[in-house]
Amino acid sequence: MTIRFDAVTLEWVGLATVRLEGQTGAVVYTDPGPARAGVLDGSEPRDGDLILVSHGHHYDPESIRRVARDDALVVVHESIDASEGSSERPEDLPFDVERVRADESFVLGPLDLFTTPAYNDPDGPHTDDEGVPYHPEGRGCGFGITIDGVTAFWPGDTDVHGFHDAVTVDCFLPPIDGTVTMDRHEAASLAERIEPDLVVPVRYDTVPAVEADADAFVVDVARRGIPVALDG
């Protein structure tokens, strides 16, 4: 299913993979794959002008090749190296590759882009048995992308942090599974604070490990007066 929102069409493909297309034709993908999750099984659109990769867990060269045009730009967080099961670094890909830090903004042709930090709080619930965050600070980012006047925001695999309250976006794409990210309750509360024009939850139910009650999330957000839609 495709959601139409002003000048942008949005399709949640699975996990953190979202396809955004502007009215003028620019196509953007967030975190394509990974292949091990079966997100892009049977699909090789190869229509992406801009591919955004938030952190190492979501860096998958095979999936990037499936969605990227030959002349695509691939933007990756600065910490990303080779992925599990592949020795291919981002710079080895047959595309233009740009590394970015968290918390910066810039213009890519007709598109505006900004990044935010994405990490788990060391004192929060998303740490391993040794107390190490699943997503340590400095190892990933969220992406905001403006296409034809519409700003969509994928915060990455992250807990909710105070700086998120200052984000101004039209379309909010929060993770809601709560396993190694914010859960549906935290995402709904954040949506109420940042007041986007539309919320579309992602990163749930693609694989058993990230199951979440998306219908309950929709009810929670709608009761807060925020427009919300499911794509899936």
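Rules used in this analysis
- Residues numbered from 1 in each chain as written.
- Predicted model: local features only at pLDDT ≥ 70, side-chain atom pairs only at ≥ 80, totals over all residues.
- Heavy atoms only, no water.
- Axes fitted to C-alpha atoms, helices over the stretch in contact; angles between N-to-C directions.
- Helix = DSSP H or I, 4+ residues; strand = E, 2+ residues; numbered from the N terminus.
- Parallel < 35°, antiparallel > 145°, perpendicular 65-115°, else oblique.
- Left-handed = near helix turned anticlockwise from the far one by under 90°.
- Contact = heavy atoms within 4.5 Å.
- Pairing = 2+ DSSP bridges.
- Buried < 20%, exposed > 50% of the residue type's maximum accessible area, 1.4 Å probe, protein only.
- Phe/Tyr/Trp six-rings, centres within 6.5 Å; stacked < 30°, edge-to-face > 60°.
- Arc of directions from axis to C-beta.

1. Let's talk about the packing of helix α2 (residues 184-194) against helix α3 (residues 214-223)
With their axes 9 Å apart at the nearest point, α2 and α3 run at an angle of 25° to one another. What the angle tells us is that α2 and α3 run roughly parallel. Note on packing geometry: the crossing formed by α2 with α3 is right-handed. Across the interface between the two elements, Arg184, His185, Ala187 and Ala188 from α2 touch Ala216, Phe217, Asp220 and Val221 from α3.

2. So, the sheet that holds strand β13 (residues 198-199)
With mixed pairing, the 6 strands of this open sheet are ordered in space as β8-β9-β10-β11-β12-β13. A single partner strand is all that each edge strand has here, and the edge strands are β8 (105-108) and β13. Where strand β12 (residues 171-172) lies against β13, 2 bridges are found, and the strand directions are parallel. Residue pairing for β13: Phe172 is matched across the bridge by Val199.

3. Section: the sheet that holds strand β6 (residues 68-77)
Pairing between the strands of a sheet comes from backbone hydrogen bonds, and it takes one of two forms, parallel or antiparallel. Here 7 strands make up an open sheet; going across it, the order is β1-β2-β3-β4-β5-β6-β7 and the pairing mixed. Whereas interior strands pair on both sides, the edge strands pair on one side only; in this sheet they are β1 (3-5) and β7 (96-100). Adjacent strand axes in the sheet meet at a mean angle of 20° when their direction is disregarded. With 5 bridges joining them, β6 and β7 adopt parallel strand pairing. The partner of Leu73 across the bridge, within β7, is Asp96.

4. Description of the side chain of Thr127
Considering the arrangement of structural elements, one finds Thr127 in the loop between β9 (111-117) and β10 (141-147). The class of Thr127 is buried, set by a relative accessible area of 18%. With near-sequence residues (within four places) excluded, Thr127 lies in contact with Asp121, Pro122, Val132, Pro133 and Tyr134.

5. A closer look at the packing of aromatic side chains
What the rule picks out here adds up to 3 aromatic pairs. For the ring pair Trp12 and Tyr204, a centre distance of 4.6 Å and an interplane angle of 25° mean the geometry is stacked. One end of the pair, Trp12, is in strand β2 (residues 8-14); the other, Tyr204, is in the loop between β13 and α3, with 192 residues separating them in the sequence. Exposure class is identical for Trp12 and Tyr204. Each is buried. Relative to Phe153, the ring of Phe114 lies with its centre 5.8 Å away and its plane at 25°, an arrangement referred to as stacked. Taken as a pair, Phe114 in strand β9 and Phe153 in strand β11 (residues 150-154) lie far apart in primary sequence, 39 residues in all. According to the relative accessible area criterion, Phe153 is buried, its value standing at 1%. Taken together, the ring pairs in this structure connect Phe114, Phe153 and Phe172 into an aromatic cluster.

6. Looking at the pairing of β10
Counting buried positions along β10 gives 7 out of 7 residues, so the element sits mostly inside the fold. Side-chain alternation along β10 places Cys141, Phe143, Ile145 and Ile147 on one buried face and Gly142, Gly144 and Thr146 on a second face that is also buried. By the bridge criterion, 6 bridges tie β9 to β10 in an arrangement that is antiparallel. Along β10, the bridge assignment pairs Pro117 with Cys141. When β10 meets β11, the two strands line up antiparallel, connected through 5 bridges. When the bridges of β11 are listed, Ile147 appears paired with Val150.

7. Here's the deal with α3
Among all positions of α3, only Ala214, Phe217, Asp220 and Val221 are buried. Relative to the axis of α3, the buried residues are bounded by an arc of 115° and lie together on one face. For α3, exposure combined with an orientation more than 90 degrees from the buried face picks out Asp215 and Arg223. At its buried positions, α3 is contacted by α2 and β13. Positive backbone phi, at 85°, marks Gly225, one or two positions downstream of α3.

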